[in-house]
Structures are given as C-alpha cells and as structure tokens.
Amino acid sequence: MATTLKTLTDEEFVAPGRAGCNGCGAVIAARMATKVLGRNTLMANATGCMCVNYGYAGAPKFPFIHTLFENAAAIISGMDAGLRSLHKRDDVNLVVLAGDGGTTDIGLQALSGAVERGHRFLYICYDNEGYMNTGVQRSGATPYGAKTTTTPVGGDRLGEPRPLERRKDMVRLLAAHGIPYAATASIAHPLDYIRKVERAIAIDGSSYIHVLSPCSPGWGFAENMTIKIARLAVETHFFPIYEVEDGRWYRLTIKAERKKAVEEYLRLQGRFSHLFSERYRDEIARIQAEVDANWAYLKQLAALRAG
Amino acid sequence: MSRQYISGCCAVAEAARLAEVNVVAAYPITPQTSIVEYLANYVAKGELKAEMIPVESEHSAMSACIGAACVGARTFTASSSQGLALMHECLFMAAGLRLPIVMAIANRALAAPVSIFCDHQDSLAQRDTGWLQFYVENCQEALDTILIAYRTIEDERVLLPAMVCLDGFFLSHISEPVDVPEAEQVKRFLPAHSPKYPILDVNNPGIFNVMAFPDTYEEFSYDRHVSMLRAREVLRESMADFARLFGRSYDLIETYGCEDAELILLGMGSMMGTVRTAVRLLREEGEKVGLVKIKSYRPFPTQEVAAAVQKTAVIGVLDRGLSTGLGGIIYPEVLKSLYHLTTRPLALNFIVGLGGRDVTIPILQRAVQEMKQAIGASRPKRETIWPGADRALLQAWGIKD
Ligand SMILES: Cc1ncc(C[n+]2csc(CCOP(=O)(O)OP(=O)(O)O)c2C)c(N)n1
Ligand code: SF4
C-alpha cells in the first residue's frame, strides 16, 4: 500500500547535529527519502555537501559510505555484485546520493555504466544546480543566467552562458539508456516524491530520481524560503515534475496547468538579481520562452503514452 | 596438482579461480586482457562462482572492487599501464579503507610515445598508494604469489590491498610449464574469506570514509604504515606455510651467489632469469658476481637487502622504470637500505629494458664491466648508466649527455 503522510514513519534517519546550512533543500530531500528507505539501506554518498552533512557531525542510522566525487555509481555496482555473490542481496536497498556535479559532470560515466549494466540500485541526485560544497561554482545543471563564482556577472557576462535548452537533462539522458524508472521530484511535493522513492526501490534494476534542492547560500534566498522556492520552480514549470517508465513512457505527475510566470521564481533569488536590471530585461522573456517550449515538449512526450 | 603449459595471464586467472574470488571487476587493456577473458570463461562454465562486472573504465573497476570488498566479498581485478594510471585516485581509497583486494598488473609502459610493452613504470608510479607490491619472475611465481597475497593481506595484522606484477608479454603472454594446485589443497592454505574488518552491513550499521581532521589524519597514516611494515612478518609466515603445503619456497628477496660476491646485480621481474644466467656464466669465468631479486617491493625488504649486499664491493641496481630527472626508482630505495651501514658497497644505477627492450646478456655484461671499473673508487664516476641505450640513435637525434 502506498505511503501517505499519515503512515509515514516518525523515525528520523538523518541525525540531528548534521552540519548542513539551515534550510538546506538537500537535507530535506534526504530526510524524506530515508523515511521510506528505512534501516535496510546501504547508502553511497558522492563527495559534496551531503557527505559533509553526514560525515562531520551526526550520522545516518543505516550503513553509509562517503565515496569519491565521481565513483558512487561504480561503488554501488560493486556492492550489488558483492551482495549477490554472498547471497545477501535480498531486502537491502542500495542507494546513491549525489549532487548535480557528481552526477551530470564528473560522475556521469560511472552512472551511465552502472545503469547500462542494469545493477539494482536507486540513484538520487539532489540538484542544487551547482558545486556548492566548494563554494558555488557552475555545473552541468546550472541554469542559464545564474551567477556562480565561475560564471560571474560583469562586462559582457550575465552569469551562466549555456542556454537552458542545452542544460544536461539527466532524466531524459537516462531514459535514453532504457532505465526502468526515472523521475524528477520536488521537496515541495513530498507525497509525490516519497511514492516515487517507494516505487523506485521496488524495481529489480536501476532507477533514478532527480530532486530539485534549493540552496540558500548558493542561490541567494532567506533560509526559511526553501520550500516556497521549490514550489515555485514547479508552479512556473521551471522544474517540471514527471516520471519515465522503461525509458519511453513519460507522465507528468504534477500537472500545475495554471502556471505562474518564471519571473516570480527568478525574482526571489540573488543569483538571478542582475537579470532584473534594464540591461538584461530581454533575458527573462528568453528564459520564459525556453521553459514554455520544454513544457510543451514534455506534454507531447506524455501524450505518447495515451496514444 | 596438475602440470600445465600455460601463459602468465592464464596462471593468474587460475590463481583467482583457486582463490574462489567472489567478485571480479575489470576493464580490458593489453597485455592484461586475457586474464579477465579467462575468468569470464570460468564463470560462464560454472568453474568459478563469481560475479563478473564488465565495468566501463578502470576507475570504475577499482571502485566496484571497493564496493564489493566493503560488503565482504573476496575481490579481484587486473590492469596495466594507462588503466592503472586511471585508477590512481581509487587506489588510495582501497588502501585507506583497509580492503584486501588483489590486483594483477601486466606491467606496461605509459604513453607518450605509445607503447604496449613491458616497463615497471606503471606500477612503480603507484608506489605510495598504500598497496603491497610483488614482482614475479615466471608464470609459476605469478600463480603462487596471488595465493600468497590473499593469505597475507586478509590477515588482520595487514588488511591492505596488494598488486602482483608480472612483466607484460615476457610473462603475460609466454607459456611455461606451471604446477596448478588442486582446489582442496588451496583451501587448506587459503580458507574461504570471512572478513576480519568492518563491512557495510545493515545489521551492524557503520559509516565509512568520514572526514579525518588534522587531529587524526596523521595517526591513520601511521597505522597504515606500521601495518605495511608488519606485513613482512605475515608474508614470511604465509610463504613458509605455502612451502610446507606446495613445496615451493619464496622470500621477500631471493639471493644467488652473494656470499662471496664482489659485485652484485639487484633487480626484479622477468629479467632476473637472464641476470641469473649472466651471473652463472660470469662465475664460470671466475668472476665473483651475485644476484639479489626483489620479490616484495612493498613492503620494501630494507634489512634483507642490506644484509645481502653489505660485504660486497659494488652493487648495480637494475631499474626497469625511470624517475625522470633523477634516475632509477628502486635505486634510491636501495641507497636508503645501505646508508646506515658502517661499511657499505659502492652503488651504481643501470636503467634497462624500458618500453619492452630486451635485457640481454651483453647489456648485463656491460653493466658488470662498469661495476668492475668502479671497484676501489670512493664514489662512482657516473651514477646513472644506460647500458642498453642505442648510442647511434641518440647521436642521430642530436642528443648529448
Ligand atoms: C576528483 C575530484 N575533483 C574535485 C573535487 C572537489 N570537489 C568536492 S565537492 C565538489 C563539488 C560537488 O558538487 P555537487 O556534486 O553538485 O554537490 P554539492 O556540493 O552541490 O552538494 C568538488 C568540485 C573532488 N573532491 N574530487
Ligand atoms: S551550501 Fe547549499 S546544499 Fe550545501 S549544505 Fe548549504 S544549503 Fe545545503
């Protein structure tokens, strides 16, 4: 039976005393997922904020390994094979937790290999759209126009120059691998997210969840705004919530048809503040157009299923 | 036991089969590839009940081995050259997590320029990663050393990973008669793996690879270091047991003719067969020449080397690898072994056999000639000598030294 907020356990698996920033979206994402995963979990956590959050102070209640930056998916492959060879594979959830840098950039090869070989594991990418642990540098997931320390604003530069439509889309990339299950999720839609985790770990193969995880110091917003920002990302279609089965069948799981203007989302974040100067006025319209085009395209993909 | 005519690669694969490894994760690279092909075949035929992970890179091969060893599996891989270099980062992790993984290395040079041929540079460049390193002279020794390696490093006094290095092509692809022991006999020497180190286990949760701050990192390093030093005695025990069961004895070093030697050649790997022949020939001519073969490069047999060469006049260290701008790689380690002796031999360094060049008897004779000329000198005229380098070619390239 699918979990509801009422049946969700009160037990916490992300220990108090952890060292993340207040209002850290990634910690919320981990907290929600681990409530479903429970104690029968082995977690491999790629280098990034979350290994610091677990490793410095506090610890999860299940066995946990901080891997290198790029090899979490390869290490979990070894665990899958190792447990199989020892006849201990049943009833253990193998889970990777990795940032967008460890996923879209340096860890992409290991993830691609692990999924292609069909290891049984769930890979959760907490996407804070940059390398936050090293002090807010751009990654393959940083959105167009965002200010980071390696995509500064000034002179001719308006922040991240790569257009939104060419940002690495991990879910579609893994769908192209034929992965049995891949989805995006939001910490502002906990039930949708939790049920996706539940579904993913039941699969006898690889699964992937990409959860947007707003980051107060990296994005420039007050620490009590995390969920609001996460919700706006969905309501503006900036971060659509959907799932893909067998790499083919797309389904929008949060429809949000009465959408809000992207401007509302951007306005709350320091990393986009320069876009509101006269000089960059057109850029917001450009971002809106790309967000609309992406939404329309996803709807077409989702229609394939019905057709 | 059965006597088979097999290559070094096959001997290594036989050893992994006999060790009943649980997980093999590897990526093809010449001249190591056949090891993994043999193992894949054993698994396909059901002769080895292991999980094979055909990873997408060597970085992932070592990472998968780490994952498998972390859950308590006996784990094996093999690599070479560029592949081993790609693993570099993960080698530290395997050693730091104290995982007893065994890796066979078919030694090969590194690009550029591209070479697929034998050179010890690839594994010597991994010297400081915390892995034990053994170098073997023939296919039999390759097989035996894999078994000795598992037995040694799974001992809780050691718990470090180990490389067993066999010369690319010279051993990996040359067939020799090899005694392949029976599985039952091997089991007596190497029982099934039951990890004596903490593993990732849902019934006993623990956290691996946490951050060590400056108040503990040094102590972790110290602990690893003393474990490596302790490995010498564990190795000797394993080798003694091995000799008892299988009748073949090994030691951290092997010596020949050292007792009365004025000149000693020291080196490792397959070239030591040729060195032995050269030494024998020279001794027949009345020259007092001896040989030291390094089998265990890590832990380095400091005392053993010192004891073996102490009374000789000149030693010549044969290096099949180069620390560019310094000279050989083993040479400084030998000097370290000698420095505190009250009387010590003069030492010369010979760079030989790079990129697959044959180490021939004439090359060794040239080296011995240089050593003879150095007898009685207070310091060598030339310290680093390339007795096999093609002078005409260097001249044609306009290279002067
Ligand atoms: C091979 C390697 N290169 C670089 C680093 C430095 N490094 C550590 S964490 C990190 C960024 C992590 O970014 P991401 O995966 O997005 O996670 P986040 O920090 O945002 O949680 C970098 C560059 C490293 N640890 N290893
Ligand atoms: S920098 Fe961002 S992602 Fe990292 S702990 Fe702080 S809020 Fe979380």
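Coordinates for the structure precede this section.
The paragraphs below set out a description of the structure included in this document. Each chain has its residues counted from 1, running along the sequence as written. For naming, the first written chain is A and the first written ligand is 1, with later ones following in the order written. At least 70 in pLDDT is required for a residue's local features to be given in this predicted model, at least 80 for side-chain atom pairs to be given and counted, and no such filter applies to totals for whole chains, interfaces and linings, which use all residues. No hydrogens and no water enter the side-chain calculation; it runs on all heavy atoms of the structure.

**Re the overall build of chain B**
Inference 1: Only runs of H or I of at least four residues qualify as helices and only runs of E of at least two qualify as strands under DSSP, and these elements are numbered from the N terminus. Counting its secondary structure elements, chain B contains 13 helices and 16 strands.
Inference 2: Projected onto its principal axes, the C-alpha coordinates of chain B cover approximately 65 × 55 × 50 Å.
Inference 3: For every residue, the accessible area (1.4 Å probe, protein chains only) is compared with the maximum for its type, and the residue is labelled buried under 20%, exposed over 50%, or partly exposed between those bounds. Burial status across chain B gives 57% buried among its 401 residues.
Inference 4: Contact between two residues is taken to exist if any of their heavy atoms lie within 4.5 Å; hydrogens are not considered. Considering only residue pairs separated by 6 or more positions, chain B has 81% of its internal contacts joining residues 24 or more positions apart.
Inference 5: Accessible area of chain B: about 16,500 Å², with a carbon and sulfur share of 53%. Using a 1.4 Å probe, the Shrake-Rupley method yields the accessible areas, and only the shown protein chains count as cover for residues.

**Some details on the overall build of chain A**
Inference 1: Along chain A, the regular secondary structure elements total eleven helices and ten strands.
Inference 2: Each radius of gyration reported is based on C-alpha atoms, and the globular scaling rule is 2.2 Å times the count of residues to the power 0.38. Taking 19 Å as the expected radius of gyration for a compact globule of 307 residues, we find that chain A reaches 19 Å, a close match to that expectation.
Inference 3: C-alpha extents for chain A along the principal axes are approximately 65 × 50 × 40 Å.
Inference 4: Contacts in chain A between residues far apart in sequence, at least 24 positions, make up 70% of those at least 6 positions apart.
Inference 5: Carbon and sulfur atoms form 52% of the exposed surface of chain A, whose accessible area is close to 11,900 Å².
Inference 6: Under the counting rule used here, the positive set is Lys and Arg, the negative set is Asp and Glu, and His together with the chain ends is not counted. Where a charge lies is defined by one atom per residue type, namely NZ (Lys), CZ (Arg), CG (Asp) and CD (Glu). Charge separation in chain A, taken as the distance between the mean sites of 37 positive and 32 negative side-chain charges, equals 2 Å.

**Remarks on the environment of L171(B)**
Residues and elements named next belong to chain B.
Inference 1: Its location among the elements puts L171 in the loop between β7 (162-167) and β8 (175-180).
Inference 2: Along the chain, L171 and T342 lie 171 residues apart, while their C-alpha atoms are 39 Å from each other.
Inference 3: Apart from the residues lying within four places of it in its own chain, the contact partners of L171 are S7, G8, C9, V136, E137, N138, C139, L166 and S270.

**Focus: the site of ligand 2**
Inference 1: Distances are taken per atom, and a residue is near a molecule or strand as soon as one of its heavy atoms is within 4 Å of it. In the vicinity of ligand 2, the contacting residues are G20(A), C21(A), C24(A), C49(A), N128(A), M132(A), C215(A) and P217(A).
Inference 2: Residues are grouped as follows: Ala, Val, Leu, Ile, Met, Phe, Trp, Tyr, Cys and Pro are nonpolar; Asp, Glu, Lys and Arg are charged; every other residue, Gly included, is polar. A class-by-class count of the residues in the shell around ligand 2 yields six nonpolar, two polar and no charged.

**Side note on the site of ligand 1**
Inference 1: Close to ligand 1 lie 18 residues; C49(A), G101(A), G102(A), Y126(A) and N133(A) are nearest.
Inference 2: With respect to ligand 1, its neighbouring residues span chains A and B.
Inference 3: Contact distances for ligand 1 include 2.8 Å between an oxygen atom and a backbone N or O atom of C49(A).
Inference 4: D100(A) places a polar side-chain atom, nitrogen or oxygen, 3.3 Å from an oxygen atom of ligand 1.
Inference 5: When ligand 1 sits alone it has 590 Å² of accessible area, and the protein chains cover 77% of it.
Inference 6: By residue number, the principal contributor to the shell around ligand 1 is helix α4 (residues 100-105) of chain A, which donates three residues. Counting of polar contacts relies on pairs of N or O atoms within 3.5 Å, with two restrictions inside protein: one atom must be capable of donating a hydrogen and the other of accepting it, and residues adjacent in sequence are counted only when both atoms are side-chain atoms.

**A closer look at the interface of chain A and chain B**
Inference 1: Chain A puts 37 residues into the contact, and the matching count from chain B is 35 residues.
Inference 2: Values labelled buried area give the accessible surface lost by two parts on being combined, using a 1.4 Å probe and summing over both. For the pair chain A and chain B, the summed buried area comes to about 2,600 Å², and 69% of that belongs to carbon and sulfur atoms.
Inference 3: Only one rule defines a salt bridge in this text: a Lys or Arg side-chain nitrogen within 4 Å of an Asp or Glu carboxyl oxygen. Summed over the shared surface of chain A and chain B, the number is one salt bridge.
Inference 4: Linking R117(A) and E56(B) is a salt bridge whose minimum nitrogen-to-oxygen distance equals 2.9 Å.
Inference 5: Where chain A touches chain B, the interface holds seven residue pairs in polar contact (both at pLDDT 80 or more).
Inference 6: Those elements giving two or more residues to the side of chain A that touches chain B turn out to be β1 (41-45), α2 (49-55), β2 (64-66), α3 (72-85) and α5 (108-117) of chain A.
Inference 7: For the side of chain A that touches chain B, a count of residues per class yields 18 nonpolar, 13 polar and six charged.

**Points about helix α9 (residues 271-284) of chain B**
Residue and element names in this part refer to chain B.
Inference 1: Expected helix span is given by 1.5 Å per residue-to-residue step, counting one fewer step than there are residues. If you check α9, its first and last C-alpha atoms are 20 Å apart, about what 14 residues at 1.5 Å a residue would give, namely 20 Å.
Inference 2: Every buried residue of α9 is accounted for by M271, M272, V275, R276, A278, V279 and L282. Seen end-on, α9 carries its buried residues on one side only, within an arc spanning 165°.
Inference 3: On its buried side, α9 packs onto β7, β10 (253-256), β11 (263-267), β12 (289-294), β14 (314-319) and α12 (361-374). The reported arc concerns the directions from the helix axis to the C-beta atoms and nothing else.

**Here's the deal with the environment of P54(B)**
Inference 1: If you trace the backbone, P54(B) turns up in the loop between β3 (51-53) and α3 (58-70).
Inference 2: Each C-alpha atom of the pair P54(B) and A94(B) lies 19 Å from the other, and the pair is 40 residues apart in sequence.

**Quick look at the sheet that holds strand β8 (residues 206-212) of chain A**
Inference 1: Reading across from one edge, β10(A)-β9(A)-β7(A)-β8(A)-β4(A)-β3(A)-β1(A)-β2(A)-β9(B) is the order of the nine strands in this open sheet, with mixed pairing throughout. The open sheet has two edge strands with one neighbour each: β10 (249-254) of chain A together with β9 (207-208) of chain B.
Inference 2: Pairing between strands is defined by DSSP: at least two bridges between them are needed. Alignment of strand β4 (residues 121-127) of chain A against β8(A), held across seven bridges, turns out to be parallel. Looking across to β8(A), one finds that I124(A) is bridged to I209(A).
Inference 3: Each axis is a line fitted through C-alpha atoms, taken for helices only over the stretch in contact, and angles between the N-to-C directions span 0 to 180 degrees. Across the sheet, helix α7 (residues 190-201) of chain A is in contact with β3 (93-99), β4, β7 (181-186), β8, β9 (241-245) and β10 of chain A; its angle to β7(A) comes to roughly 160°.

**A look at unusual backbone geometry**
Inference 1: A cis amide bond, omega 0°, links A111(B) with the succeeding residue A112(B).
Inference 2: Here A112(B) is to be found in the loop between β5 (102-107) and α5 (121-124).
Inference 3: Backbone torsion omega between A112(B) and P113(B) reads -5°, so that peptide bond is classified as cis.
Inference 4: Relative to the elements of secondary structure, P113(B) occurs in the loop between β5 and α5.
Inference 5: Its identity is not glycine, yet D91(A) carries a phi of approximately 65°, on the positive side.

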